[in-house]
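# Observations on chain architecture
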2 protein chains.
Amino acid sequence: MNEPVQRAGTGTRVRDGRLLRGVRSRQVVARRAADVASVEGLNGLSIGRLAADLGLSKSGVQTLFGTKERLQLAAVDFAQQAFVEAVVRPASAAPRGAARLRSLVEHWIAYVEAPLFPGGCFWAANLADFDSRPGAVRDALAAQHHGWLALLAGEFREAVRAGEAAPLDADLTAFQLDAVLTAANIALRLGDSGAVDKPRRVLAELIGPPV
Amino acid sequence: MNEPVQRAGTGTRVRDGRLLRGVRSRQVVARRAADVASVEGLNGLSIGRLAADLGLSKSGVQTLFGTKERLQLAAVDFAQQAFVEAVVRPASAAPRGAARLRSLVEHWIAYVEAPLFPGGCFWAANLADFDSRPGAVRDALAAQHHGWLALLAGEFREAVRAGEAAPLDADLTAFQLDAVLTAANIALRLGDSGAVDKPRRVLAELIGPPV
């Protein structure tokens, strides 16, 4: 947003009101788009279908997002914000290293068990789908995925530095941990309710059990 | 096929010819359906689109498969046969245990590097998509996935029995190995050409490097 939300003058207030409603509507549509995409994939999104789901006019949603790709990118952004709120931010209360890795894994498990999105992990559903479709959506998903891997690797390096873990390759360890979380999400959704213990056991092998 | 392919009588021969052509056409359509599904997901399949791709009539493909679900199941079956030919059968030439695990992983890497399907691993693309869609297609994908995990676990148990690996939980080890292979497939398709070394390194930690 480049425009200030409050400004003098009645005409401006009306415009600001519209702007605020526009921002709220974008959030409402982006949230619904992220939910749908977690189940049916980002490629299953359509402006017409979201408008119908939310009781909005198709032309209104069209005005907010313009193209299907911009709608997909808004869903990807919304999912990222929701993931940060559910997993990354609460875990940042734990001390860096092994404790924060454990907290990240526990919050991640809660994120797919609860689940935050009806289809489970947003990235598990969409990275596997978009890895064969070059473009802005794939780039955005890949950048978020790399950010998550870098976060895990950074905490593992801290754990090694603090003597809480054996000095394994941090990038390979982060790759393994993310791979096992993603596989647990799929197993959970296929009906194996005990699957979420697997990443806990893998993590315990890497940094020891919780103290 | 319940009908014999060769039988006496001209009329029967004509029918058998049609039956053979029908079987071949089914294979041609199922192969194309598996290719499309590896890129766009099984849900992206449509009888009309496949008919257009292959220069067949829509009604002809409709006659062969009937419903979209039967077409999806045919694609899933075809993918399984192709995977067995490319990965499971050649690896079965290696002695059981560590050597066969290494061979399975190497053939799996070739299967996604070559790749056998244009979208990379068929199950990575479709399990993540279908885990939220109960039904016959999900059940077929899940059964194949469990068969693959059981194969890996069985060879790991052999490796432990032969003293080639530490006595870790075989099911957890198979889960980890499959998770890392699946994650490597996605990383490879996102442009990280070195990703396939990661499952090799994980396997080497489990059963030691190739001799």
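Residues numbered from 1 in each chain as written. Chains lettered and ligands numbered in written order. Predicted model: local features only at pLDDT ≥ 70, side-chain atom pairs only at ≥ 80, totals over all residues.

### Observations regarding the overall build of chain A
Looking only at helices and strands, chain A has nine helices and zero strands in total. Counting helices and strands in the order they occur from the N terminus, chain A gives α-α-α-α-α-α-α-α-α. Taking the principal axes of its C-alpha atoms as reference, chain A extends roughly 65 × 40 × 30 Å. Here chain A holds 211 residues, and 45% of them are scored as buried. (Helix = DSSP H or I, 4+ residues; strand = E, 2+ residues; numbered from the N terminus. Buried ≥ 20, exposed ≤ 12 C-beta atoms within 10 Å, placed from the backbone.)

### Here's the deal with the interface of chain A and chain B
A common way to express how large an interface is: the accessible area buried when the components associate. Contacts between chain A and chain B engage 26 residues on the former and 26 residues on the latter. Among the elements of the structure, helix 6 (122–130), helix 8 (170–189) and helix 9 (197–207) of chain A are those that each provide at least two residues to the side of chain A that touches chain B. Broken down by class, the residue content of the side of chain A that touches chain B amounts to 14 nonpolar, six polar and six charged. (Contact = placed C-beta atoms within 7 Å. Nonpolar A, V, L, I, M, F, W, Y, C, P; charged D, E, K, R; others polar.)

### Some thoughts on the nonpolar core
In summary, soluble globular proteins display a tendency toward joint burial of nonpolar side chains. Residues Ala33(A), Ala34(A), Ala75(A), Ala33(B), Ala34(B) and Ala75(B) are the most contacted members of the largest nonpolar core, which totals 136 residues. Ignoring any residue separated from it by four or fewer positions in sequence, one finds Ala75(B) in contact with Ala30(B), Ala33(B), Ala34(B), Ala37(B), Leu42(B) and Leu45(B). (Core = buried A, V, L, I, M, F, W, Y, C linked by C-beta atoms within 7 Å.)

### Some points on the relation of the copies chain A and chain B
Superposing chain A onto chain B requires a rotation of 180 degrees together with a translation of 0.0 Å along the rotation axis, leaving an RMSD of 0.0 Å. Viewed as a symmetry operation, the transformation between the two copies matches a two-fold axis. The position closest to the rotation axis in chain A is occupied by the C-alpha of Ala179(A), lying 2.5 Å away. Of all interface residues in chain A, 100% are interface residues in chain B too; the two copies therefore contact each other through one and the same surface. (Least-squares fit on C-alpha atoms with pLDDT ≥ 70 in both.)

### Looking at helix 9 of chain A
Residues Lys198(A), Pro199(A), Val202(A), Leu203(A) and Ile207(A) constitute the buried set of helix 9 of chain A. Down the axis of helix 9 of chain A, the buried set is contained in an arc of 145 degrees. They therefore lie on one face. Turning to helix 9 of chain A, the residues buried within the fold contact helix 5 (98–113), helix 7 (136–161) and helix 8 of chain A together with helix 8 (170–189) of chain B. At the exit of helix 9 of chain A stands Gly208(A), carrying a positive phi of roughly 80 degrees. (Arc of directions from axis to C-beta.)

### Regarding the packing of helix 6 of chain A against helix 7 of chain A
Residue and element names in this part refer to chain A. Remark: helix 6 packs on helix 7, axes separated minimally by 10 Å, with the N-to-C direction vectors making an angle of 130 degrees. On the basis of their axis angle, the class for helix 6 and helix 7 is oblique. Between helix 6 and helix 7 lies a crossing of left-handed hand. Residues Trp 123, Asn 126, Leu 127 and Phe 130 of helix 6 touch helix 7, and the partners they reach there are Val 137, Arg 138, Leu 141, Gln 144 and His 145. Grouping the constituent residues of the contact of helix 6 with helix 7 by class yields five nonpolar, three polar and one charged. (Axes fitted to C-alpha atoms, helices over the stretch in contact; angles between N-to-C directions. Parallel < 35°, antiparallel > 145°, perpendicular 65-115°, else oblique. Left-handed = near helix turned anticlockwise from the far one by under 90°.)

### Observations regarding the environment of Ala98(B)
One can find Ala98(B) in helix 5 (residues 98–113). In this structure the C-alpha to C-alpha distance between Ala98(B) and Val160(B), which are 62 residues apart in sequence, comes to 8.6 Å.

### Some thoughts on the environment of Ala74(B)
Residues and elements named next belong to chain B. With respect to the element layout, Ala 74 can be found in helix 4 (residues 68–91). Classification of Ala 74 as buried rests on a count of 20 C-beta atoms within 10 Å. Considered as a pair, Ala 74 and Val 137 are 63 residues apart in the sequence and their alpha carbons are 9.6 Å apart. Leave out the neighbours within four places in its chain, and Ala 74 touches Arg 26, Ala 30, Ala 33 and Phe 65.

### Brief notes about the environment of Val105(A)
Residue and element names in this part refer to chain A. Inspection of the secondary structure puts Val 105 in helix 5. In this structure Val 105 comes out as buried when scored by C-beta crowding, with 24 C-beta atoms within 10 Å. The spacing of Val 105 and Arg 89 is 16 residues in sequence and 13 Å in space, taken between C-alpha atoms. Ignoring any residue separated from it by four or fewer positions in sequence, one finds Val 105 in contact with Pro 199, Arg 200 and Leu 203.

### Regarding helix 8 of chain A
Residue and element names in this part refer to chain A. Taking 1.5 Å as the rise per residue, helix 8 with 20 residues should run 28 Å; its terminal C-alpha atoms sit 29 Å apart, in good agreement. In terms of residue burial, helix 8 counts as a mostly covered element, since 18 of its 20 residues are buried. Gly 191, located one to two residues past helix 8, shows a positive phi value of around 105 degrees. (Expected span 1.5 Å × (residues − 1).)

### Section: the confidence of the model for chain A
Residues and elements named next belong to chain A. Summarising the model, chain A shows a mean pLDDT of 89, and 90% of its residues fall at 70 or more. At the low end of the mean pLDDT range in chain A sits helix 1 (residues 10–40), at 78; at the high end sits helix 7, at 97. Low pLDDT (under 50) marks residues 1–9, which in the prediction has seven contacts with non-local residues, meaning those over four places away or in another chain. Complex prediction metrics read pTM 0.87 and ipTM 0.85. (pLDDT = per-residue confidence, 0-100.)

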